[in-house]
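Here's the letter readout for the chains.
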Amino acid sequence: MAHTRIDFARTEIPVLFRRLLLPTLVGMLFSAVFIITDGIFVGRGIGPDALAAVNLVSPLYMLSTGAGLMLGAGGSVAASMALARRKRRRASTDMTHATVVSAAAMIALTVLLLASARTVVRLLGTPPELESPVSEYMRYFVLFFSFNTLLNVLMFFVRLDGAPGFAMRAIATAAVINIGLDYLFIFVHGWGMAGAAVATGLGNVAGTLMMLRYLGLRSKTLRFRPVRPGGKRVRYALRNAACMARLGFPALLGELAIACMMLAGNFAFIRHTGKDGVAAFSVVCYFFPIIFMVFNAIVQSAQPIISYNCGAGMPERTRKTLRLALRWAVSFSLLLFAATLVGNERIVSLFIEGDSPARRIAVQGMPYFAAGYPFFGINMVAVGYYQSLGRARLSTVFMLLRGIVLPGILFFTLPLWLGLAGIWLAVPAAEGLTSVLIAACARMKR
């Protein structure tokens, strides 16, 4: 299916942003749907302990996704600036290096994780009674690490080539395949944790193959360059990938931040409430991808516009894009906050049936957690803006604060003062403090 080349330099910013946002948002929501559906099938088809087990393994999923977002975002920033200077060959080289290096790194990580599986299970904070399901899920899930990473790398370049609709269809295909296989493997064949992991992996394989085929055969602007052996070429590819990783490092930190949130939250809940608290927290962690994907769609839609116009020397268009992205983020965050307040019991019931302790803890805690949505949206847009300008150091500092440093402190201090509510409020408090710091920094730059 043919597509029209997007003019990042002359199209009106609102028109350009909407053209990128709609398919990107739909594709992201499909990703969120398949994560949530996976949780529903696991919770209802296997049980609350299985739900907790998947949540304990989720930081590894965030790591592979983050690696893809890092090289995808960094590579697309570099490629956007190259295209703005009419250097198509350089942009294609950036895409090739991002793809090859990310795949090789994830294959190596897969081997390492499988070789040290027992140690990894313990490092994830797994209580003894959950070691068996955690080990089973992890062994099968990490086999598909490289495909999950590549899916996230390639979607940036497909959008940059002017085909956000195709990227949406590829992600939607991955979601539909995952949902269908989840039902087949869990409810029909009874394959349990292994079935859930393989269903997710095969969905990612399908989406990745679609994008590889597009970029290899149908792309109008970007084409894969031949990868030739040789010490100098390998060193150049690694140096180039390192530069792209530096630009995209805040995107990796964003995923690591969610992983750290899960790890710290799991530890805090195990300490205060045992495995029921972990199961309750897993409901939020499964629902959270909707929130994250909405804001990530806004950031990824703004990113190529900002990067291209920055490279072309049009700063007013970059600032206009930032203001528009912030308005969308605030509007969506307030809508999602209201939806969570009204529907928190129904949301929890999707994952946990009956009147169990885990269900009660989740219903009570979700409104506290939802208080952080507006700050989260503002912070993601601000970090994405600085990243798109190539100001990786500043965006990294903010990402470290909101995602790792502040939550790490607050998860273990707020419960001392506020009890169980303090665990739920740790992430909103961290996001709120970061928003204050970002606003103060913006005022100082004026």
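The following refers to the structure shown.

Analysis parameters
Residues numbered from 1 in each chain as written. Predicted model: local features only at pLDDT ≥ 70, side-chain atom pairs only at ≥ 80, totals over all residues. Heavy atoms only, no water. Helix = DSSP H or I, 4+ residues; strand = E, 2+ residues; numbered from the N terminus. Rg over C-alpha atoms; globule rule 2.2 N^0.38 Å. Buried < 20%, exposed > 50% of the residue type's maximum accessible area, 1.4 Å probe, protein only. Contact = heavy atoms within 4.5 Å. Areas by Shrake-Rupley, 256 points an atom, 1.4 Å probe, with all protein chains shown as cover. Lys, Arg positive; Asp, Glu negative; His and termini not counted. Charge placed at Lys NZ, Arg CZ, Asp CG, Glu CD. Expected span 1.5 Å × (residues − 1). Core = buried A, V, L, I, M, F, W, Y, C linked by side-chain atoms within 4.5 Å. Phe/Tyr/Trp six-rings, centres within 6.5 Å; stacked < 30°, edge-to-face > 60°. 1 Å grid on protein atoms, 1.4 Å probe; cavity = no way out; pocket = protein on both sides within 12 Å on 5 of 7 lines; lining within 4 Å. Points joined across faces, edges and corners; volume = space filled by probe spheres on them. Nonpolar A, V, L, I, M, F, W, Y, C, P; charged D, E, K, R; others polar. Axes fitted to C-alpha atoms, helices over the stretch in contact; angles between N-to-C directions. Parallel < 35°, antiparallel > 145°, perpendicular 65-115°, else oblique. Left-handed = near helix turned anticlockwise from the far one by under 90°.

Looking only at helices and strands, one finds 15 helices and 0 strands in the protein chain. For 446 residues, the compact-globule estimate of 2.2 N^0.38 gives 22 Å, and the protein chain sits close to it at 21 Å. Dimensions of the protein chain, computed from the C-alpha atoms along their principal axes, are close to 60 × 50 × 40 Å. Scored against the burial criterion, the 446 residues of the protein chain give a buried share of 60%. Sequence-distant contacts, at least 24 apart, represent 83% of the contacts inside the protein chain between residues at least 6 apart. Accessible surface, the protein chain as shown: approximately 18,000 Å² in total, 65% of it carbon and sulfur. Side chains of the protein chain give 43 positive and 17 negative charges; the mean places of these two sets differ by 18 Å.

All right, on to helix α7 (residues 164–188) then. With 25 residues, α7 should cover 36 Å at 1.5 Å per step; its first-to-last C-alpha distance of 35 Å lies within 8% of that length. Two residues or fewer past α7, G190 is found with a positive phi of approximately 65 degrees.

On to the nonpolar core. Ranked by internal contacts, the top residues of the largest apolar core, which has 148 residues, are M211, M261, F295 and I298. Not counting residues up to four positions away in its chain, the partners in contact with F295 are A329, F332, S333, Y373, F376, G377 and M380.

Another aspect to go through is the packing of aromatic side chains. In this structure the tally under the stated criterion is 14 aromatic pairs. An angle of 90 degrees between the planes, with centres 5.9 Å apart, marks the rings of F141 and F145 as edge-to-face. With respect to burial, F141 and F145 carry one shared label: buried. With 5.0 Å between their ring centres and 65 degrees between their planes, F269 and W424 make a pair best called edge-to-face. Taken together, the residues span a long stretch of sequence, with F269 in helix α9 (residues 231–273) and W424 in helix α15 (residues 420–445) at a distance of 155 residues. Assessed through its relative accessible area of 0%, F269 is described here as buried.

In this fold, P128 is placed in the loop between α4 (117–123) and α5 (131–141). Of the residues examined, P128 reaches a relative accessible area of 66% and is grouped as exposed. With 204 residues separating them in the primary sequence, P128 and F332 have C-alpha atoms 40 Å apart.

All right, on to the layout of surface pockets then. One way to see where empty space is left: roll a probe the size of a water molecule over the atoms. Taken as a whole, the largest pocket spans an internal volume of roughly 510 Å³. Surrounding the largest pocket, 17 residues form its lining, L322, L326, Y385, Y386 and A442 being those nearest its centre. Of all the secondary structure elements, the ones that give two or more residues to the lining of the largest pocket are α11 (315–351), α13 (373–388) and α15. Element by element, the count of residues in the lining of the largest pocket is highest for α11, at 6 residues. For the lining of the largest pocket, the class distribution of residues is 11 nonpolar, 2 polar and 4 charged. In this structure, the second largest pocket encloses a volume near 420 Å³. Lining the second largest pocket are 15 residues, with H97, P226, V227, R233 and Y236 positioned closest to its centre. Those elements giving two or more residues to the lining of the second largest pocket turn out to be α3 (88–115) and α9. Per element, the largest residue contribution to the lining of the second largest pocket is 6 residues, and it comes from α3. Grouping the amino acids of the lining of the second largest pocket by side-chain chemistry returns 8 nonpolar, 3 polar and 4 charged.

Another point: the environment of S76. Along the chain, S76 turns up in helix α2 (residues 48–84). Placed 328 residues apart in sequence, S76 and I404 show a C-alpha to C-alpha distance of 25 Å. Excluding residues within four positions of it along the chain, S76 makes contact with F156, F157, L160 and Q303.

So, on to the packing of α2 against helix α6 (residues 145–160). Packed helices, taken two at a time, are described by their axes: the angle between them and the distance between them. One way to put it is that α2 packs onto α6 with a least axis distance of 8 Å and a crossing angle of 25 degrees. On the basis of their axis angle, the class for α2 and α6 is roughly parallel. Seen along the crossing, α2 lies across α6 with a hand that is right-handed. Here the contact of α2 with α6 is built from residues that sort into 14 nonpolar, 10 polar and no charged.

Between α6 and helix α10 (residues 275–311), whose axes approach to 11 Å, the crossing angle comes to 50 degrees. Accordingly, the angle class assigned to the pair α6 and α10 is oblique. As α6 runs across α10, the sense of the crossing is right-handed. On α10, the residues touching M155, F156, R159 and L160 of α6 are Q300, Q303 and P304. Tallied by class, the residues present in the contact of α6 with α10 amount to 4 nonpolar, 2 polar and 1 charged.

Attention shifts here to the side chain of E431. Along the chain, E431 falls in helix α15. Residues within four places of E431 in sequence aside, it is in contact with G372, F375, F376, N379 and R402.

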